[in-house]
Amino acid sequence: MNRAIGVIDSGVGGLTVAYELMRQLPNEKLIYVGDTMRCPYGPRPEHEVKQFTMEMVHFLLEKDVKMIVIACNTATAFTIKQLKEELSIPVIGVIKPGARAAINATNNKQIGVIGTEGTIRSESYVRALHKINHTLGVTTLACPTFVPMVEKGITDGEEAFQVVAEALEPLRTVNIDTLVLGCTHYPILQKTIQQVVGHDVQLISSSEETARETSAILEVHHLLQKNVRTAKHQFYMTGNLETFTKLSNIIFENCIECLQDVMMDKINLPIQV
């Protein structure tokens, strides 16, 4: 019960999930690993994504975490089944929670999904959505320019708007009323994406739903920390610490004080053969 929740992502995007976990589960300690040096995962082949994900998982297992949250859609698509089978602790991804949130939000049953090339190619969202409701219309679109832009710290302004508008142009002819931000980096661009698609389209981030589901899973496994305490979080990244810190401040802008109890450090992940 006193052990930490492990959170992994290809970069900084998973901090949107970490933020919700800290907000909804204030007594829980988080250990976050962002593989910022090898981000993005979207264009990479499946075997590389699996390799890199396993390296982060083994790092967290050495820290004796009680649960792992895969806060990366591409890593979820390629590794969730294997990790659930191999690990003795609970594992949750971000795709199923995002799909459920979208189904609850849509009125016309026309849902769009944007994500990395790997996530879209896997068709994980299409399967997750149709498993719940096979009558849904689902339009998917890969947006490979978004993650590199976010990782550079470009999250708003004219350049961000132009990149987002160009990438989302194919959605203009589709009558969707709900758009799933199928990459945890994308909520950082939420204001710009909303400007481009218009306010008639509801944007869905899986972060809130993932945090709620994490709480439920911990409760079921009798792992939920119910004692009031000040949790000391650990955020690790494999790339530039300064950039990671800057983007953390953007993501946590509504709770900057949350970062006061966070230790940030750069690491080299052990290679798993």
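Small disclaimer: the values here were computed from a predicted structure and weren't measured. Each chain has its residues counted from 1, running along the sequence as written. For this predicted model, a pLDDT threshold of at least 70 governs which residues receive local features, and a threshold of 80 or more governs which side-chain atom pairs are given and counted, while totals over whole chains, interfaces and linings are taken from all residues. Each side-chain value is derived from all of the structure's non-hydrogen atoms; neither hydrogens nor water enter the calculation.

Enquirer: Just give me the short version of the UniProt feature "binding site: substrate" (unreviewed entry) in the chain, but keep the residues and values in it.
Expert: UniProt positions are given in the numbering used here, feature names are shortened, and annotations may be inferred rather than shown by experiment. As recorded in UniProt, the sites labelled "binding site: substrate" (unreviewed entry) are Asp9, Ser10, Tyr41, Gly42, Asn73, Thr74, Thr184 and His185. These annotated residues cover 177 residues of sequence, but their C-alpha atoms sit close together, with the largest distance between any two at 12.0 Å. Looking only at the residues we just named, the largest cavity is lined by Asp9, Ser10, Tyr41, Gly42, Asn73, Thr74, Thr184 and His185. By the secondary structure assignment, Asn73 is in helix α3 (residues 73-86). The classification of residues rests on relative accessible area computed with a 1.4 Å probe and restricted to protein chains. Under 20% of the type maximum is buried, over 50% is exposed, and intermediate values are partly exposed. Overall, the relative accessible area of 2% leaves Asn73 in the buried class. The contact criterion used is simple: two residues touch if any of their non-hydrogen atoms lie within 4.5 Å. With near-sequence residues (within four places) excluded, Asn73 lies in contact with Val94, Ile95, Thr119, Tyr125, Gly182, Cys183 and Thr184. For Thr74, the position within the fold is in helix α3. Sequence-distant contacts of Thr74, that is, excluding residues within four places in its chain, are made with Tyr41, Gly42, Val49, Thr116, Gly118 and Thr119. A 1.4 Å probe that fits into a set of points on a 1 Å grid over the protein atoms alone but cannot get out defines a cavity; an open set with protein on both sides within 12 Å along at least five of seven lines defines a pocket, and lining residues are those with an atom within 4 Å of a point. For the purposes of this entry, the term helix denotes a DSSP run of H or I that reaches at least four residues, the term strand denotes a run of E that reaches at least two, and both are numbered from the N terminus.

Enquirer: Explain the side chain of Gln234 to me, and be specific about the residues and the numbers.
Expert: Turning to its location among the elements, Gln234 is positioned in strand β9 (residues 233-237). Its relative accessible area of 15% is what places Gln234 among the buried residues. In protein, a polar contact requires one atom able to donate a hydrogen and another able to accept it; more generally it is a pair of N or O atoms within 3.5 Å, and residues adjacent in sequence count only if both atoms are side-chain atoms. One polar contact links Gln234 to Tyr236, side chain to side chain, over a distance of 2.5 Å.

Enquirer: I'd like a rundown of empty space enclosed by the protein, residues and numbers included.
Expert: Grid points are joined across faces, edges and corners, and a volume is the space filled by probe spheres set on the points. Counted according to the given criterion, the structure contains two cavities of 30 Å³ or more. The volume enclosed by the largest cavity comes to roughly 80 Å³. Along the wall of the largest cavity there are 16 residues; nearest its centre are Ser10, Cys72, Thr74, Thr116 and Cys183. The residue classification treats Ala, Val, Leu, Ile, Met, Phe, Trp, Tyr, Cys and Pro as nonpolar and Asp, Glu, Lys and Arg as charged. All others, Gly included, are polar. When its residues are assigned to classes, the lining of the largest cavity shows six nonpolar, nine polar and one charged. Taken together, Pro40, Gly42, Pro43, Thr116, Glu117, Cys143, Pro144, Val147 and Tyr186 form the lining of the second largest cavity. By residue class, the composition of the lining of the second largest cavity is six nonpolar, two polar and one charged.

Enquirer: Report on the sheet that holds strand β3 (residues 67-70), specifying residues and quantitative values.
Expert: Strands were regarded as paired on the criterion that DSSP finds at least two bridges between them. With respect to topology, six strands assemble into an open sheet ordered β4-β3-β1-β2-β9-β10, the strand pairing being parallel. Each edge of the open sheet is held by one strand with a lone partner, namely β4 (91-92) and β10 (262-266). Across four bridges, strand β2 (residues 30-34) lies against β9 in parallel orientation. Bridge pairing links Ile31 to Gln234 in β9. To obtain each axis, a line is fitted to C-alpha atoms, and for helices this fit is confined to the stretch in contact; angles are then taken between N-to-C directions over 0 to 180 degrees. Lying over the sheet, α3 contacts β3 and β4, oriented at roughly 155° with respect to β3. Across the sheet, helix α11 (residues 241-251) touches β2, β9 and β10, and the angle it forms with β10 is around 150°.

Enquirer: Outline the packing of helix α4 (residues 95-105) against helix α6 (residues 124-132), listing residues and values.
Expert: Two elements in contact, α4 and α6, have axes separated by 9 Å at closest approach and are oriented at 50°. Judged by the inter-axis angle, α4 sits oblique to α6. Here α4 runs over α6; the crossing is right-handed. Contact residues: α4 offers Ile95, Gly98, Ala99, Arg100, Ala102 and Ile103, while α6 offers Ser124, Tyr125, Ala128, Leu129 and Ile132. Here the word oblique covers every angle except those under 35 degrees (roughly parallel), over 145 (roughly antiparallel) and from 65 to 115 (roughly perpendicular). The crossing is said to be left-handed when, going from far helix to near helix, the turn is anticlockwise and less than a right angle, and right-handed when the turn is clockwise.

Enquirer: Residues and numbers for the packing of helix α8 (residues 157-167) against helix α9 (residues 190-197), please.
Expert: Two elements in contact, α8 and α9, have axes whose closest approach is 9 Å; the angle formed by their N-to-C orientations is 55°. In terms of axis orientation, α8 runs oblique to α9. Crossing of α8 over α9 shows right-handed handedness. Contact with α8, carried on its side by Ala160, Phe161, Val164 and Ala165, involves Thr192, Ile193, Gln195 and Val196 of α9 and no other residues of that element.

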